[in-house]
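Here is how the chains run, residue by residue.
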Amino acid sequence: MANGNGSGLSMIEGWGGIGVPGRELRSENLERVTERAVLSRGLGRSYGDSSLPPASVGEVVNTTLADRLLAFDEETGLMRAEAGLSLFALNRIFLPRGWFVPVTPGTQFVTLGGMVASDVHGKEHHARGCFGEHVTRLKMRVADGRVLWCSDEQHGDLFRATIGGMGLTGHILEVEVRMMRIPTAWILQESRRVDDIDDFIARLKDASHRLPATMGWIDLLTRGKNMGRGTLMAGDFASPDIAPKRFPKPLPRVTMPFELPSWTVDRWSVRAFNTAYYWKHLPREMHGIVHWETFFYPLDMIRHWNRMYGTRGFTQYQCVLPDAAGPSAPRRLLEILTSRGGASMLCVIKNCGPEGKGILSFPMPGTSIALDIPVRDDTQQLVDALNEFVLREGGRIYLTKDQFTRPEHFRAMEPRLPKFQEIRAKWDPEQRIRSAQSVRLFGDKP
Ligand SMILES: Cc1cc2nc3c(=O)[nH]c(=O)nc-3n(C[C@H](O)[C@H](O)[C@H](O)COP(=O)(O)OP(=O)(O)OC[C@H]3O[C@@H](n4cnc5c(N)ncnc54)[C@H](O)[C@@H]3O)c2cc1C
């Protein structure tokens, strides 16, 4: 995670800490600054190289100064804003007024443009799909320089390819999305200790029939019959009769002040973290009212927590295993990780509902598993082994998290790729819009 390279350029990094030397162009005027750019990025919370420019270009538009809220209709909940507006700001504007985004990722430090380009999903995927299902229109600058609106009705191919298209169809300038009314800003949460991975799958399914938001944290260092033990959380916005009358106060945050040396993320520190997390949950089952930030964004409480992984950084491996792969598929995936001595500080498991409209969107009906893996000499081999398993089981990986997938694995697990490439080629025949990830995975020109 270097901050400079001595050549006058700084490093542009993904959240995993691996980056390229380059420059970020910033302006309040997105239309102007995107005129000749090859890629836009938001708050850089994608883990791998999807928000990085190709090495030969080294320049990317950073949208975060274009963060104006442009319109809101109290009747329909339709909200329109510039692509650089952060979810953090949006939450502070809308929650006190009784509105929330229908779909949120596990951090608020993302922009609207990034949420569309990744077509983010959250704890509520089984109930509300991906973010893109709630997006009604996008204003874009496309490769030939035109600025246009797209939606289901207008340039529908561009719209569906942009949702989950990792910024490869053009620059998103404005986003129109339908917000969701909420009864209060408090969450009625149930949480329980779960004994093993098989129990997790059953309990996730059960909770998702009852509640709109569900997810689990897994302790990956426990082997044998308790492999995959952890904590399951499920909940919904609390009704006014059970919630406190006052609006929840902001929660304190701490900052990870500097990067730790890589050796600190060893097996023992991972074990200590996971054991503490598991036993924090002393009674087997708890019900209660909790703060919305505690429920949706627990990792946001420590700013720059990614520095914990040290100077070599980390990758997040996230895949979805389809229901058809059977209930033992998650156990078999985790066994590949543990048998190779892979340590994961954080493992999140979620239940995915039906596919959405984004042509390359990640979720499919099944179980999503996300693993934070510190970068080591053998990380490429570990990711290869995980990908070969996911491929055999008919699953796929999440591009937003990826840094190590090989193009042949990606092509084999992504039958939707030719359709996506056909639409890209129609809108950008010269392949102007591209990223470090599209060079690596899609074979774009460097
Ligand atoms: C702690 C944490 C938890 C997370 N939890 C989840 C989760 O639960 N579910 C989930 O789906 N994701 C999750 N993510 C991933 C995150 O939601 C996505 O990576 C999101 O896209 C990041 O938004 P960003 O503004 O930082 O985008 P960036 O990381 O800057 O960019 C992401 C992609 O969007 C493109 N992009 C960004 N802005 C534009 C624009 N204006 N026009 C065109 N393309 C653009 C970039 O080119 C890139 O391909 C999590 C990330 C973190 C760090």
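Residues numbered from 1 in each chain as written. Predicted model: local features only at pLDDT ≥ 70, side-chain atom pairs only at ≥ 80, totals over all residues. Heavy atoms only, no water.

Moving on, we get to the overall build of the protein chain. Counting its regular elements, the protein chain contains 13 helices and 21 strands. Relative to its length of 446 residues, the protein chain is compact, with a C-alpha radius of gyration of 21 Å against a globular reference of 22 Å. In terms of its C-alpha atoms, the protein chain occupies a principal-axis envelope of roughly 60 × 55 × 45 Å. Here the protein chain holds 446 residues, and the buried ones make up 60% of them. Sequence separation of 24 or more characterises 74% of the internal contacts of the protein chain that already satisfy a separation of 6 or more. As displayed, the protein chain has an accessible area near 17,600 Å², and 55% of this comes from carbon and sulfur atoms. (Helix = DSSP H or I, 4+ residues; strand = E, 2+ residues; numbered from the N terminus. Rg over C-alpha atoms; globule rule 2.2 N^0.38 Å. Buried < 20%, exposed > 50% of the residue type's maximum accessible area, 1.4 Å probe, protein only. Contact = heavy atoms within 4.5 Å. Areas by Shrake-Rupley, 256 points an atom, 1.4 Å probe, with all protein chains shown as cover.)

What follows concerns the site of the ligand. Near the ligand there are 36 residues, and of these Gly-42, Ser-46, Thr-111, His-121 and Tyr-398 occur at the shortest range. Measuring from an oxygen atom of the ligand, one finds a backbone N or O atom of Leu-43 at 3.1 Å. In the model, an oxygen atom of the ligand is placed 2.7 Å from a nitrogen or oxygen of the Thr-111 side chain. Those elements that place two or more of their residues in the shell around the ligand are β3 (40-41), α3 (112-118) and β10 (171-178). Take the shell around the ligand: its biggest share by element is 4 residues, from α3. Of the residues assigned to the shell around the ligand, the class counts are 14 nonpolar, 18 polar and 4 charged. (Near = heavy atom within 4 Å. Polar contact = N/O pair within 3.5 Å; in protein donor to acceptor, adjacent residues only side chain to side chain. Nonpolar A, V, L, I, M, F, W, Y, C, P; charged D, E, K, R; others polar.)

This next bit is on the pattern of salt bridges. Taken as a whole, this structure holds 31 salt bridges when the rule is applied. Note that Asp-198 and Arg-331 form a salt bridge whose closest N and O atoms lie 3.1 Å from each other. Placement of Asp-198 in helix α6 (residues 197-210) and of Arg-331 in helix α9 (residues 329-339) is noted, with a sequence separation of 133 residues between them. Note on Asp-198: relative accessible area 35%, which makes it partly exposed. Here Glu-355 and Arg-396 are joined by a salt bridge, their closest N and O atoms 2.6 Å apart. Of this pair, Glu-355 sits in the loop between β19 (347-352) and β20 (366-374) while Arg-396 is found in strand β21 (residues 396-397), placing the two residues 41 residues apart along the sequence. By relative accessible area, Glu-355 is classed as partly exposed at 43%. When salt bridges that share partners are traced, they join Glu-31, Arg-80, Lys-139 and Glu-174 into one network. (Salt bridge = Lys/Arg side-chain N within 4 Å of Asp/Glu carboxyl O.)

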